[in-house]
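# Remarks on the overall topology
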Amino acid sequence: MPKFDPIASPTVRTAEHLEPAFAHAEQSDAAKKKIAEFSARRRKRPNVLVFLMDDVGWGDFGCYGGGVAVGAPTPNFDRLARAGLQLTSCYSEPTCSPSRATLLTGRVPHRHGLHRPPMYGEPGGLIGEATLPQLLSDSGYATQAVGKWHIGENAASQPQNVGFDDFYGFLSVSDMYTEWRDPHFFPEMVYSEARTEWVKNMPFNRCFVHAKKGGTPENVEEVTIPALSLLDEKWCQYSEAFIQRMAGGKQPWLLYHCTRGAHFDNYPHERFLAASPAKHPYKDTLIELDDIVRRLTEALRATGQLEDTLIFISSDNGPHMETWPDAAYTPFRCGKGSTWEGGVRVPGIVVWPGMVEAGIQSDGLFGFSDILPTVLALAGESARLPADRYIDGVDQSSFLLARDGLSHRKYHYYWLMSTFSALRCGEYKMVLSSTSDDDTGAWGPGGFTGILQKHTYPALYNLYLDPKETHNYMTRKLAYMEAFQLGIRQHLLTFKRFPPKTVMGLQAADARAK
Ligand code: CA
């Protein structure tokens with residue numbers, strides 16, 4: 001049998017509602033054995049810490065080529081990458097809310113319906129979705145969410161109503177609390193009493209909140225600019241206390257810790273002002289985030305839970321180039337809001353001492369949708385995977401647990417709001433439509449960056465030879481054409497059997513009104 005190859009090897013579809021995946025039978029058997037040994041050794045199911053940052057770029061960390069070289073050393077992220085598996089092709093969605101909803105549901109945005117972030121009290125959210133915290137909670141896990149939510153401010157979509165036992169954080173996104181308060185960015189608002197009142201009357205909560213399962217959120221504090229600069233510190237303390245509280249108990253847990261940083265605008269804690277060689281608030285915030293990840297892992301170590309806990313560290317999308325210099329670093333093309341690699345290729349560090357081998361780097365494909373089925377598999381709860389809807393994620397547990405493991409994912413599907421944009425397989429990426437600053441052939445709004453452009457012919461990029469996606473290689477590589485188009489057709493066909501959903505914007509409002 002020929003050696004495995006991500007383009008040439010076939011996948012297996014085990015059910016109509018599940019994404020076809022590479023089987024890797026030996027690797028999968030070894031992973032199951034490793035998980036069984038863990039259960040016997042530790043006498044519990046694994047804890048899960050998801051540490052998700054906001055708008056932090058693929059290249060911001062030293063271990064990804066940034067760090068000292070871009071004015072913000074990140075020794076703790078780098079140390080964690082060396083202690084575990086560093087993914088170089090980890091994919092988010094192009095913006096915050098679609099990514100977060102994909103992470104928690106195992107489904108691409110065109111299925112969960114959050115195509116873009118809800119802003120200033122807009123309705124939206126996880127209507128009718130089966131979430132990771134709910135599924136884990138049903139199986140006996142303690143579930144804690146801390147920090148940024150931004151998956152819908154409406155009551156039904158709030159964290160304490162979609163599976164979390166407890167939530168301490170804000171329901172929307174950083175800039176919404178402060179941009180209209182800062183005279184540097186919004187002088188016409190700050191110096192106008194009428195406009196300030198107008199914003200204050202918009203239907204969003206200006207406070208960060210605390211909520212318990214099924215309850216109504218209680219306001220903790222209004223998020224003024226001085227209050228905002230302390231949020232990541234307060235949220236870190238809350239998560240540290242959770243980790244300490246859970247120590248020694250038998251109950252496994254999920255901690256979903258989402259930082260405020262480093263979304264624009266950044267007002268780091270005063271301890272970190274000018275702490276970076278760059279002396280810029282964005283870079284100082286990275287230093288603060290690096291310290292927070294150190295504190296959380298130290299809390300795990302000090303309480304004897306490090307070996308019981310799978311840690312996944314990432315960012316919800318690429319750098320937001322339109323808010324430069326409050327913008328991250330990526331070596332790839334474009335940034336947040338696009339399906340060029342700069343928008344969706346994010347850091348991905350997986351640490352679990354004794355289970356995930358140390359010092360491994362892999363370019364195997366890994367999508368945010370994979371987290372739900374993977375965590376369920378690690379918890380021995382794959383049977384809880386919903387069967388009444390399409391699950392785009394694949395179980396990557398054996399990829400993570402094997403030394404030099406192979407990804408089970410053949411294709412990464414790039415969605416730009418409700419438009420299918422591109423397909424990656426192996427080192428190749430076929431692009432059907434993308435964002436552009438050139439408005440020739442404009443096909444729709446681009447989201448956060450330029451306009452959406454439909455390509456007359458699909459463009460093919462070799463991401464190893466051309467990581468910045470500037471040289472269309474299609475005419476020399478026609479052998480891939482049919483296989484890639486088949487991959488796209490098969491993906492789009494799943495929406496015929498499992499129709500897409502829209503929960504954002506006018507279309508959703510029309511549907512609600514009917
Ligand atoms: Ca974001």
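As the structure is a prediction and not an experimental result, all values here were calculated from the model. Each chain carries its own residue numbering, running from 1 in the written order of its sequence. In view of the model being predicted, local features appear only for residues whose pLDDT reaches at least 70, and side-chain atom pairs are presented and counted only at 80 or more, with totals across whole chains, interfaces and linings using the full set of residues. Hydrogens and water molecules were not included; the side-chain quantities draw on all heavy atoms of the structure.

Of the regular secondary structure elements, the protein holds 16 helices and 16 strands. Atoms considered for the radius of gyration are the C-alpha atoms alone. The globule rule reads 2.2 Å times the number of residues to the power 0.38. For 514 residues, the compact-globule estimate of 2.2 N^0.38 gives 24 Å, and the protein sits close to it at 22 Å. The principal-axis extent of the C-alpha atoms belonging to the protein is close to 70 × 60 × 55 Å. The buried label goes to any residue with under 20% of its type's maximum accessible area, the exposed label to any with over 50%, and the partly exposed label to all in between, with areas taken from a 1.4 Å probe on protein chains only. Counting the 514 residues in the protein, one finds 60% classified as buried. Looking at the protein alone, contacts between residues at least 24 apart form 70% of all its contacts between residues at least 6 apart. When the accessible area of the protein is evaluated, it comes to approximately 19,900 Å², of which 56% is carbon and sulfur surface. Under the convention used here, Asp and Glu are negative, Lys and Arg are positive, and both His and the chain ends fall outside the count. Think of each charge as sitting on NZ of Lys, CZ of Arg, CG of Asp or CD of Glu. For the protein, the separation between the mean place of its 53 positive charges and that of its 58 negative charges on side chains is 5 Å. The helix and strand labels rest on DSSP assignments: H or I over at least four residues marks a helix, E over at least two residues marks a strand, and numbering proceeds from the N terminus. By the convention used here, residues are in contact when the closest approach between their heavy atoms is within 4.5 Å. Accessible areas in this description were obtained via Shrake-Rupley with a 1.4 Å probe; residue shielding takes into account the shown protein chains only.

Let us look at helix H13 (residues 371–378). For H13, a buried count of eight out of eight residues is recorded, marking the element as mostly surrounded by other parts of the structure. Every buried residue belonging to H13 is among Ile 371, Leu 372, Pro 373, Thr 374, Val 375, Leu 376, Ala 377 and Leu 378, and all of these are buried. Looking one or two residues beyond H13, the residue adopting positive phi is Gly 380, at roughly 70 degrees.

This paragraph deals with the nonpolar core. Residues belong to one nonpolar core when they are buried, are Ala, Val, Leu, Ile, Met, Phe, Trp, Tyr or Cys, and are joined through side-chain atoms within 4.5 Å. Counting 53 residues, the largest nonpolar core has Trp 149 and Tyr 256 as the members making the most contacts within it. For this core, the leading source of residues is H13, giving five residues. Discounting chain neighbours no more than four positions away, the residues touching Tyr 256 are Val 50, Leu 52, Arg 100, Leu 103, Leu 104, Gln 144, Ala 145, Val 146, Trp 149, Ile 151 and Phe 164. Judged by nonpolar contacts, the second largest core, of 45 residues, contains Phe 61, Phe 170, Ile 292 and Phe 332.

Within this document, salt bridges are pairs made up of a side-chain nitrogen of Lys or Arg and a carboxyl oxygen of Asp or Glu, the two lying within 4 Å of each other. Scanning all chains against the criterion turns up 33 salt bridges. The shortest N-O distance in the salt bridge between Glu 381 and Arg 45 comes to 2.8 Å. Of this pair, Glu 381 sits in the loop between H13 and helix H14 (397–401) while Arg 45 sits in the loop between helix H1 (25–42) and strand E1 (47–53), placing them 336 residues apart in sequence. The exposure class of Arg 45 is partly exposed, given its relative accessible area of 23%.

Time to look at the packing of aromatic side chains. Aromatic rings from Phe, Tyr and Trp, with only the six-membered ring used for Trp, were paired whenever their centres fell within 6.5 Å, and each pair was classed as stacked if the ring planes differed by under 30 degrees, edge-to-face if by over 60, and tilted otherwise. Across all of its chains, the model carries 27 aromatic pairs by this definition. When the centroid spacing of 5.3 Å and the interplanar angle of 90 degrees are considered together, the rings of Tyr 168 and Phe 208 count as edge-to-face. Taken as a pair, Tyr 168 in strand E4 (residues 166–169) and Phe 208 in strand E5 (residues 207–212) lie far apart in primary sequence, 40 residues in all. For the pair formed by Tyr 168 and Phe 208, the shared burial category is buried. Connected via pairs of aromatic rings, a cluster forms that spans Tyr 168, Phe 170, Tyr 177, Phe 204, Phe 208, Trp 235 and Tyr 238. Looking at Arg 111, its charged tip hangs above the ring of Phe 495, at a distance of 3.9 Å from the centre. By definition here, charges over rings are those cases where NZ of Lys or CZ of Arg is within 6 Å of the ring centre and within 35 degrees of the ring normal.

Counting buried residues along strand E12 (residues 411–416), six of its six residues qualify, which places the element largely inside the surrounding structure. Here the rule is simple: two strands pair whenever DSSP picks up at least two bridges between them. Two strands pair when backbone bridges link them, and E12 and strand E13 (residues 419–425) are joined in this way by six bridges, in the antiparallel orientation. In the sheet register, Tyr 414 faces E13, and the bridge partner there is Ala 422. The hairpin turn running from E12 into E13, its antiparallel successor, is two residues long, and Met 417 in that turn takes a positive phi close to 55 degrees.

Because no water is among the atoms considered, metal sites can look incomplete, with donors defined as N, O and S atoms within 2.8 Å of the metal, or 3.2 Å for Na, K and Ca. Every protein donor of the calcium ion is listed here as Asp 54 (OD), Asp 55 (OD), Cys 96 (SG), Asp 316 (OD), Asp 316 (OD) and Asn 317 (OD1), and their distances to the metal cover 2.2 to 2.5 Å. Considering all six donor atoms around the calcium ion, the spread of angles at the metal, 53 to 159 degrees, places the coordination shape in the irregular class. Donor residues for the calcium ion, ordered by position in the chain, follow D-D-x40-C-x219-D-N. On the criterion of sequence distance, the pair formed by Asp 55 in the loop between E1 and helix H2 (75–82) and Asp 316 in the loop between strand E8 (309–315) and helix H12 (341–344) is long-range, its members being 261 residues apart. Geometry is assigned from donor-metal-donor angles: four donors are tetrahedral when every angle falls between 85 and 135 degrees, four are square planar and six octahedral when opposite donors sit over 155 degrees apart with all other angles between 65 and 115, and any other arrangement is irregular.

It is worth spelling out the packing of H2 against helix H11 (residues 281–302) at this point. Contact geometry for H2 and H11: axes closest at 7 Å, N-to-C directions at 50 degrees. Accordingly, the angle class assigned to the pair H2 and H11 is oblique. Contacts between H2 and H11 involve Pro 75, Asn 76, Phe 77 and Leu 80 from the first element and Leu 289, Asp 290, Asp 291, Val 293, Arg 294 and Thr 297 from the second. Just so you know the grouping, Ala, Val, Leu, Ile, Met, Phe, Trp, Tyr, Cys and Pro go in nonpolar, Asp, Glu, Lys and Arg go in charged, and all remaining residues, Gly too, go in polar. Class assignment of the residues belonging to the contact of H2 with H11 gives a composition of five nonpolar, two polar and three charged. Only the contacting stretch of a helix is used when fitting its axis, a line to C-alpha atoms as for every element, and angles between N-to-C directions run 0 to 180 degrees. When an angle is under 35 degrees it counts as roughly parallel; over 145 it counts as roughly antiparallel; between 65 and 115 it counts as roughly perpendicular; any other value is oblique.

On the secondary structure map, Glu 153 appears in the loop between strand E3 (142–147) and E4. Despite being buried, Glu 153 has no salt bridge partner; Arg 206 is the closest side chain of opposite charge, sitting 9.5 Å away. Here a polar contact means two N or O atoms within 3.5 Å. Within protein one must be a hydrogen donor candidate and the other an acceptor candidate, and residues neighboring in sequence count only if both atoms are side-chain atoms. Within polar-contact distance, the side chain of Glu 153 engages the backbone nitrogen of Asn 205 at 2.9 Å. Not counting the four nearest positions on each side in its chain, Glu 153 is found in contact with Gly 121, Gln 158, Leu 171, Ser 172, Met 176, Phe 204 and Asn 205.

Here we come to the environment of His 17. Checked against the element boundaries, His 17 lands in the segment before H1. You can call His 17 buried: its relative accessible area is 14%. Contact partners of His 17, with chain neighbours within four places excluded, come to Pro 386, Ala 387, Arg 389, Tyr 390, Ile 391 and Phe 498.

You can see Gly 66 is positioned in the loop between E1 and H2. Judged by relative accessible area, which is 7%, Gly 66 ranks as buried. With 83 residues separating them along the chain, Gly 66 and Trp 149 place their C-alpha atoms 27 Å apart. The residues contacting Gly 66, other than those within four sequence positions of it, are Gly 59, Asp 60, Phe 61 and Tyr 329.

Before going further, it helps to spend a moment on the environment of Ser 229. Here Ser 229 lies in the loop between helix H9 (225–228) and helix H10 (231–246). Under the relative-accessibility criterion, Ser 229 is labelled buried at 16%. As for Ser 229 and Glu 270, which are separated by 41 residues in sequence, their C-alpha atoms are 7.7 Å apart. Not counting the four nearest positions on each side in its chain, Ser 229 is found in contact with Tyr 267, Pro 268 and His 269.

Moving on, we get to the state of the cysteines. The disulfide criterion used throughout: a pair of cysteine sulfur atoms within 2.5 Å. Counted under the stated rule, the structure contains zero disulfides. The closest cysteine sulfur to the non-disulfide-bonded Cys 90 is located on Cys 63, 12 Å from its own sulfur. Accessibility expressed as a relative area gives 0% for Cys 90, which makes it buried. The thiol of Cys 425 is not disulfide-bonded; the next cysteine sulfur, from Cys 90, is found 18 Å away. For Cys 425, a relative accessible area of 1% gives the class buried.

The analysis is restricted to geometry; functional conclusions fall outside its scope.
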